[in-house]
Amino acid sequence: MTTRRNFLKNTTMLAAGLGVSPLLSSSPLRSYQKEEVINGIAVIGVGMGCRDLQGALTDNPWVHCVGMCDVNKVRLEEQLARFKKDFPEQTVSIKAYTDFREVLANKEIDGVIIATPDHWHPYIFAEALKAGKAIYVEKPVGNSISECNAMMDFQKKYKGVVTT
């Protein structure tokens, strides 16, 4: 029996996988090969237990996280230690950041999971697109229809890979 919780969990895993898969080539429809590894994923905002990142790492051993960012240094260090312990092979070269702009400036990071409080989503989304990063943004994507429309316009302008 499919429960709401299982449906949401499976949908989140699928969305995370789809959001990360296009990083492997220029074709967003290309599926990953089991021998390939996706490097260069970072999460911006590590509150709520980094649920989306945890799901991506748990169900996809070919995804490697190289960065975690949060303004709360205590929470950042706690999550960093937890992920290094729980996913040692997938967090070998993980680095801590307290400013998301440093994440976006890092050329080794190909994609970001935006898991900040909702009111930060549009700004970080726009900056990540300008930096050429693939994006997985948590819901709610924006706080109004006009914000979401502006975000869609940015995605079209920068031709970015985006999922939620």
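In this text the structure is predicted, and so the values were computed from the model without any measurement. (Residues numbered from 1 in each chain as written. Predicted model: local features only at pLDDT ≥ 70, side-chain atom pairs only at ≥ 80, totals over all residues. Heavy atoms only, no water.)

A word on the pairing of strand β4 (residues 111-114). Residues Gly-111 and Ile-113 point to one face of β4 and Val-112 and Ile-114 to the other, with burial holding for every one of them. Sheet topology places β4 next to strand β5 (residues 134-137); four bridges connect them, and they run parallel. Note on β5: the bridge partner recorded for Gly-111 is Ala-134. (Buried < 20%, exposed > 50% of the residue type's maximum accessible area, 1.4 Å probe, protein only. Helix = DSSP H or I, 4+ residues; strand = E, 2+ residues; numbered from the N terminus. Pairing = 2+ DSSP bridges.)

For the rest of this paragraph, the subject is the environment of Leu-80. With respect to the element layout, Leu-80 can be found in helix α3 (residues 73-86). Using a relative accessible area of 7% as the deciding quantity, one classes Leu-80 as buried. Expressed as a C-alpha distance, the spacing of Leu-80 and Ile-94, which sit 14 residues apart in the sequence, is 8.1 Å. Ignoring anything within four residues of it in the chain, the contact list for Leu-80 reads Met-68, Ile-94 and Ala-96. (Contact = heavy atoms within 4.5 Å.)

Should their charged atoms come close, side chains of opposite charge can pair. One pass over the full model with this rule turns up five salt bridges. Residue Lys-85 pairs with Asp-86 through a salt bridge whose shortest N-O separation is 3.7 Å. A relative accessible area of 68% means that Lys-85 is categorised as exposed. Salt bridges sharing partners connect three or more residues here, namely Arg-82, Lys-85 and Asp-86. (Salt bridge = Lys/Arg side-chain N within 4 Å of Asp/Glu carboxyl O.)

Our focus in this paragraph is the packing of aromatic side chains. In total, this model carries four aromatic pairs according to the counting rule given. Taking 5.7 Å as the distance between ring centres and 15 degrees as the angle between the ring planes, the aromatic pair formed by Phe-154 and Tyr-158 counts as stacked. With Phe-154 and Tyr-158 both in helix α6 (residues 145-158) and four residues apart, this pair spans about one turn of that helix. Accessibility expressed as a relative area gives 28% for Phe-154, which makes it partly exposed. Through successive ring pairs, a cluster of aromatic residues spans Phe-100, Trp-120 and Tyr-123. (Phe/Tyr/Trp six-rings, centres within 6.5 Å; stacked < 30°, edge-to-face > 60°.)

Right, let's get into α6. Think of an α-helix as turning once every 3.6 residues; residues three or four places apart then point the same way. The end-to-end C-alpha distance of α6, which contains 14 residues, comes to 20 Å, matching closely the 20 Å that a straight helix rising 1.5 Å per residue would cover. Taken from the residues just after α6, Lys-159 is the one with a positive phi, measuring 50 degrees. (Expected span 1.5 Å × (residues − 1).)

Going from Lys-139 to Pro-140, the amide bond is cis rather than trans, its omega being -10 degrees. You can see Pro-140 is positioned in the loop between β5 and α6. Although it is not a glycine, Lys-159 sits at a positive phi angle of roughly 50 degrees. Among the structural elements, Lys-159 can be located in the loop between α6 and β6 (162-163). Take Lys-159: its relative accessible area is 69%, and that puts it in the exposed class.

What follows concerns the environment of Met-48. Secondary-structure assignment places Met-48 in the loop between β1 (38-44) and α2 (51-59). Along the chain, Met-48 and Gln-79 lie 31 residues apart, while their C-alpha atoms are 10.0 Å from each other.

By the alternation rule, side chains of β5 split into Ala-134 and Tyr-136 and Ile-135 and Val-137, which are all buried. For the segment spanning β4, helix α5 (residues 121-130) and β5, crossover handedness is right-handed. Both β5 and β6 contribute to a ladder of two bridges, which runs parallel. What sits directly across from Ile-135, in β6, is Val-162. Of the crossover connections in this fold, the one passing from β5 over α6 to the parallel β6 is right-handed. (Right-handed = clockwise from strand over helix to strand, strands pointing away.)

Quick look at the environment of Lys-95 now. By the secondary structure assignment, Lys-95 is in strand β3 (residues 95-97). Sequence spacing of Lys-95 and Cys-65 is 30 residues, and the spatial spacing of their C-alpha atoms is 8.9 Å. The contact partners of Lys-95, leaving out residues within four places of it in the chain, are Val-66, Gly-67 and Met-68.

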